[in-house]
Amino acid sequence: MSYVLRGVVGGFDHLRFLSDDVPRAVVVPLRQRLGLLPVTDEVFDELTDARREAGPFTLMSPAFAERLEDWSRGGRVAYVEADFWGGDGSQTAALWENGRQTWGPEHAWIPATAGPCEDWQINAMLARLGAVGTAALDLFDAVGFGQERDMEGWRWAGVRALDAADYDAWEAARRAKEEADARAAAERDRYVRRDDVPVVLDGRAVMEVLGIPSSPLVGAAIRHLQEVHLERGSLTPDEAATELRRWAQSL
């Protein structure tokens, strides 16, 4: 599986403001109020003179570096690249602040056997931008760099965020969607039989007890009996039938 990333990283709202004059630029919201401006070939041509230098970066030129210097006068920005295929790959990163490059470019070839490392170039860059990891996630995953796999995916992630007025609006919409998805999943779960809990009545018996045809309600009834089993212990068939009639009346 491949992974390709080329982009400018900084505060989401800051990058939105800075790239307002770049027609094809979009900014992807990341966690911790960060953003990523994907640098496609087209965006690179709009940002710079299109002359490319040899070096650790795939996309770089004096004009692009000058643009990053200018952008960093209002807040730290970084430029990162990553290319992986089948686990092997490379990462390159540099940081600009107060109008000058203060770190990097740092580049390394990373074999598939290396495993995750906080000192890898993108993680080191994120630490300098103030990102915080967790016990379960390194900085790369904590800010959301794993959400897309290629430049087209990154571009569309930025397009989907265009309706958000700022980072707070995007975050509020994201949380609302997560909560709605969780409620929908919980609702669907009510109609799904658990594999780890026995039931004394099968679907046919449930239909006979309740006098209903085959429908999602049968699954909900069986799931209810399983929840009762967990709370009270095993039921006899007669007890289960009584419980189902009581449950159906409460719907």
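Source: prediction; values computed, not measured.

Q: I keep staring at the overall build of the chain and nothing clicks. Help me out?
A: In terms of helices and strands, the chain carries 10 helices and six strands. A globule of 251 residues ought to have a C-alpha radius of gyration of about 18 Å, yet the chain, at 27 Å, is considerably larger. Across its three principal axes, the chain shows a C-alpha extent of roughly 80 × 40 × 25 Å. For the chain, with 251 residues in total, the buried portion stands at 43%. The contacts of the chain with a sequence gap of at least 6 include a subset with a gap of at least 24, amounting to 53%. Accessible surface, the chain as shown: approximately 13500 Å² in total, 50% of it carbon and sulfur. Averaging the coordinates of the 28 positive side-chain charges in the chain and doing the same for the 42 negative ones gives two points 4 Å apart.

Q: Hey, could you run me through the packing of aromatic side chains in this one?
A: In this description, a pair of aromatic rings is defined by centroid distance and the angle of the planes. Here the structure, examined in full by the defined rule, presents eight aromatic pairs. With centroids separated by 5.7 Å and ring planes inclined at 55°, the aromatic side chains of Tyr3 and Phe140 adopt a geometry described as tilted. With a gap of 137 residues between them, Tyr3 in strand β1 (residues 2-11) and Phe140 in helix α5 (residues 139-143) connect regions that are remote in the sequence. Under the relative-accessibility criterion, Phe140 is labelled buried at 16%. Relative to Trp170, the ring of Tyr167 has its centre 5.3 Å away and its plane inclined at 50°; by these criteria the two rings are tilted. Of this pair, Tyr167 and Trp170 are both found in helix α7 (residues 167-189), three residues apart, which corresponds to roughly one turn of the helix. Each of the two residues, Tyr167 as well as Trp170, counts as buried. Among the aromatic residues, those joined into a ring-pair cluster are Tyr3, Phe140, Phe145 and Trp154. The ring centre of Trp156 lies 4.7 Å from the NZ or CZ of Arg155, which sits over that ring.

Q: Would you take a moment to explain helix α9 (residues 216-232) for this structure?
A: An α-helix turns once per 3.6 residues; consequently, residues spaced three or four apart project the same way. Taking 1.5 Å per residue, 17 residues should reach 24 Å; α9 reaches 24 Å between its end C-alpha atoms and fits that length. Considered for burial, the residues of α9 that qualify are Val218, Gly219, Ala220, Ala221, Ile222, Arg223, His224, Leu225, Gln226 and Val228. Looking at the packing, one finds that the buried side of α9 touches α7, α8 (203-210) and α10 (237-250). Directly beyond the C-terminal end of α9, a positive phi value near 100° is found at Gly233.

Q: Is there a simple way to think about the pattern of salt bridges in this case?
A: Two side chains with opposite charge may pair up if their charged atoms get near one another. Applying the stated criterion across every chain yields a total of 18 salt bridges. As a salt-bridge pair, Arg67 and Asp21 come within 3.9 Å of each other at their nearest N and O atoms. Taken together, the positions of Arg67 in helix α3 (residues 62-71) and Asp21 in the loop between α1 (12-18) and β2 (28-29) put the pair 46 residues apart, joining distant regions of the chain. Measuring nitrogen to oxygen at the nearest pair gives 3.8 Å for the salt bridge that ties Arg31 to Glu178. Of this pair, Arg31 sits in the loop between β2 and β3 (34-38) while Glu178 is found in helix α7, placing the two residues 147 residues apart along the sequence. Residue classification places Arg31 among the partly exposed residues on the basis of a relative accessible area of 35%. When its relative accessible area of 42% is taken as the criterion, Glu178 is described as partly exposed. Where salt bridges share partners, they join Arg31, Glu171, Arg174, Arg175 and Glu178 into one cluster.

Q: Help me understand the pairing of strand β5 (residues 88-97), please; the structure alone is not making it clear to me.
A: Along any regular strand the residues' side chains alternate between the sheet's two faces. Of all 10 residues in β5, eight are buried, a share of seventy percent or more. Looking at chain direction, strand β4 (residues 77-85) and β5 are connected through nine bridges and run antiparallel. Paired with Trp85 across the two strands is Asp88, which belongs to β5. A loop of two residues connects β4 with β5, the two strands running antiparallel in sequence, and Gly86 in this loop sits at a positive phi of about 65°. Between β5 and strand β6 (residues 100-110), which pair antiparallel and follow one another directly, the connecting turn spans two residues, one of which, Asn98, has a positive phi of 55°.

Calculation rules
Residues numbered from 1 in each chain as written. Predicted model: local features only at pLDDT ≥ 70, side-chain atom pairs only at ≥ 80, totals over all residues. Heavy atoms only, no water. Helix = DSSP H or I, 4+ residues; strand = E, 2+ residues; numbered from the N terminus. Rg over C-alpha atoms; globule rule 2.2 N^0.38 Å. Buried < 20%, exposed > 50% of the residue type's maximum accessible area, 1.4 Å probe, protein only. Contact = heavy atoms within 4.5 Å. Areas by Shrake-Rupley, 256 points an atom, 1.4 Å probe, with all protein chains shown as cover. Lys, Arg positive; Asp, Glu negative; His and termini not counted. Charge placed at Lys NZ, Arg CZ, Asp CG, Glu CD. Phe/Tyr/Trp six-rings, centres within 6.5 Å; stacked < 30°, edge-to-face > 60°. Lys NZ or Arg CZ within 6 Å of the ring centre and 35° of its normal. Expected span 1.5 Å × (residues − 1). Salt bridge = Lys/Arg side-chain N within 4 Å of Asp/Glu carboxyl O. Pairing = 2+ DSSP bridges.

Read these as layout, nothing more, since geometry by itself doesn't imply function.
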